[in-house]
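Summary of the model geometry
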Amino acid sequence: MADRPTRNLHVGAPYRADEARYLDTPYRRSGRTGLKLPAISLGLWQNFGDESPLATQRAILRTAFDRGVTHFDLANNYGPPPGSAEKNFGRIFAEDFRPYRDELIISTKAGYDMWPGPYGEWGSRKYLLASLDASLNRMGLDYVDIFYSHRFDPDTPLEETMGALDTAVRSGRALYAGISSYSPERTREAVAIMRELGTPLAIHQPSYSMFNRWIEAGLLEACADEGLGVIAFSPLAQGLLTNKYLGGVPDDSRAARGGSFSASLVTPDVVERLNALAGIAESRGQTLAQLALSWALRDERVTSVLIGARTVAQLEDSLGALDRLDFTDDELTEIDKYAVEAGLNLWARSSDA
């Protein structure tokens with residue numbers, strides 16, 4: 001990626017997108033659709049809730065779009081508190097990005113716990129469509145580009161969940177429908193239902209990283225067969241696949257804070273493998289994070305990878321992965337010695353259903 005001066009970080013000034021924003025970022029088609037996504041997309045799962053300064057959020061979003069990142073991914077429960085990431089994004093969108101709406105892909109999801117009572121999570125028609133309406137209201141949007149079923153619901157007929165996605169598209173509240181963390185078998189079933197309804201699924205969003213390779217055992221094949229794109233979330237294993245953990249768990253890390261990523265996962269064996277992978281990255285002129293992202297994009301069936309960013313510097317480092325997407329066979333063989341399962345698939349329960 002060519003070096004360009006960082007612009008638009010004076011958040012009090014009116015935003016004007018970089019005219020060179022489309023020069024460096026490659027775009028990949030999502031399955032058998034007309035939708036193209038940047039090879040690296042920005043996810044707002046972490047760092048965009050009310051605990052993060054709005055000025056920092058704005059600077060990250062501005063920098064991302066200036067670098068050709070046209071896809072911003074959210075969910076109803078992103079925060080904390082739940083809903084705050086959409087609310088904060090909506091404020092920044094209204095002030096900065098509304099003139100660029102037709103250049104943006106904005107996605108959201110519903111499936112996890114969002115409000116009290118029996119209609120506040122999972123995959124019922126009642127929950128999914130009510131959640132989508134609430135998400136649109138929080139973000140100040142007329143529609144989202146992609147609306148996902150965030151997880152498979154074992155207690156609701158799949159026909160009902162897919163029917164809600166079909167309604168979302170037919171009503172104009174979403175342009176494309178997607179699923180997240182569905183198993184290969186459930187993916188094929190969902191595709192068949194949606195195809196019969198006349199609203200084909202466009203994309204699947206699974207977790208995938210060097211330490212969480214479950215999609216290689218059937219899901220990538222299913223998505224390719226059925227014409228779905230794949231956008232991988234947590235390709236850096238919630239920050240584990242960065243230089244931060246080469247010496248263990250630092251005090252200021254996500255693992256040290258607990259939550260969705262436990263320090264117990266950072267075992268001596270994992271640290272040893274991290275250092276080996278960091279050595280491979282250095283030999284390629286990359287950081288460990290850049291290696292992990294390049295590696296996740298090595299398969300043409302992967303449309304995009306979703307990254308998070310706490311700072312502009314983290315975002316810039318991740319985007320540097322686009323400078324080196326090629327691998328030799330020897331490099332891939334060496335990486336495979338260390339890129340093995342590490343118990344990081346926190347979403348396995350959904351994809352095993």
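So, a few notes on the structure that sits alongside this text. Just so you know, these numbers come straight off a predicted model, no measurement behind them.

**Some thoughts on helix H10 (residues 312-319)**
Within H10 the residues assigned to the buried category are Val312, Leu315, Ser318 and Leu319. Burial along H10 is one-sided: seen end-on, the buried residues are contained in an arc of 125 degrees. Against strand E3 (40-43), helix H1 (54-66), helix H9 (288-296) and strand E10 (304-307) lie the buried residues of H10.

**Some words on the pairing of strand E7 (residues 174-180)**
For E7, the tally of buried residues reaches 5 of 7 residues, placing the bulk of the element in the interior. Taken together, the 5 bridges between strand E6 (residues 144-149) and E7 define a ladder with parallel strand orientation. Residue Tyr148 lies in a different strand from E7, and its bridge partner there is Gly178. This β-α-β element, E6 to helix H4 (residues 158-170) to E7, shows right-handed connectivity. Taken together, the 3 bridges between E7 and strand E8 (residues 203-205) define a ladder with parallel strand orientation. What sits directly across from Ser180, in E8, is Gln205.

**Structural notes on the pattern of salt bridges**
Pairing is possible between side chains that carry opposite charge, provided their charged atoms lie close to one another. Evaluated as defined, the whole model comprises 26 salt bridges. Between Asp166 and Arg170 there is a salt bridge whose closest N-O contact spans 2.9 Å. Note that Asp166 and Arg170 are positioned in helix H4 at a spacing of 4 residues, about one turn of the helix. Salt-bridge contacts for Lys337 lead to Glu334; the nearest nitrogen and oxygen are separated by 2.9 Å.

**Points about the environment of Glu316**
As for its position among the elements, Glu316 is in helix H10. The exposure class of Glu316 is partly exposed, given its relative accessible area of 21%. The spacing of Glu316 and Pro80 is 236 residues in sequence and 24 Å in space, taken between C-alpha atoms.

**Considerations on the packing of aromatic side chains**
Using the criterion set out here, one finds 13 aromatic pairs in the structure. Here a set of aromatic residues connected by ring pairs shows up, and it is made of Tyr15, Phe65, Phe72, Phe89, Phe93, Phe97 and Tyr100. One Lys or Arg, Arg101, reaches over the ring of Tyr143 and ends 4.2 Å from the middle of that ring. Looking at Arg298, its charged tip hangs above the ring of Trp295, at a distance of 3.8 Å from the centre.

**Section: the nonpolar core**
Grouped together as the largest cluster of nonpolar side chains are 99 residues, with contacts concentrated most on Leu42, Phe72, Met162, Leu201, Met210 and Phe211. A total of 7 residues in this core trace back to one element, the largest contributor, which is H9. Residues in contact with Met210, not counting those within four places in the same chain, are Leu241, Leu277, Leu291, Ala292, Trp295, Ile335, Ala339 and Val340.

**Things to note about the pairing of strand E5 (residues 105-110)**
Of all 6 residues making up E5, 6 are buried, and the element is well covered by its neighbours. Burial along E5 is two-sided: the face carrying Ile105, Ser107 and Lys109 and the face carrying Ile106, Thr108 and Ala110 are both buried. Where strand E4 (residues 71-73) lies against E5, 3 bridges are found, and the strand directions are parallel. Counted as the bridge partner of Phe72 is Ile106 from E5. Between the parallel elements E4 and E5, the chain passes through helix H2 (residues 84-97) in a crossover that is right-handed. Two strands pair when backbone bridges link them, and E5 and E6 are joined in this way by 4 bridges, in the parallel orientation. Note on E6: the bridge partner recorded for Lys109 is Tyr148. Handedness of the E5-helix H3 (residues 125-139)-E6 crossover: right-handed.

What counts and how
Residues numbered from 1 in each chain as written. Predicted model: local features only at pLDDT ≥ 70, side-chain atom pairs only at ≥ 80, totals over all residues. Heavy atoms only, no water. Buried < 20%, exposed > 50% of the residue type's maximum accessible area, 1.4 Å probe, protein only. Helix = DSSP H or I, 4+ residues; strand = E, 2+ residues; numbered from the N terminus. Arc of directions from axis to C-beta. Contact = heavy atoms within 4.5 Å. Pairing = 2+ DSSP bridges. Right-handed = clockwise from strand over helix to strand, strands pointing away. Salt bridge = Lys/Arg side-chain N within 4 Å of Asp/Glu carboxyl O. Phe/Tyr/Trp six-rings, centres within 6.5 Å; stacked < 30°, edge-to-face > 60°. Lys NZ or Arg CZ within 6 Å of the ring centre and 35° of its normal. Core = buried A, V, L, I, M, F, W, Y, C linked by side-chain atoms within 4.5 Å.

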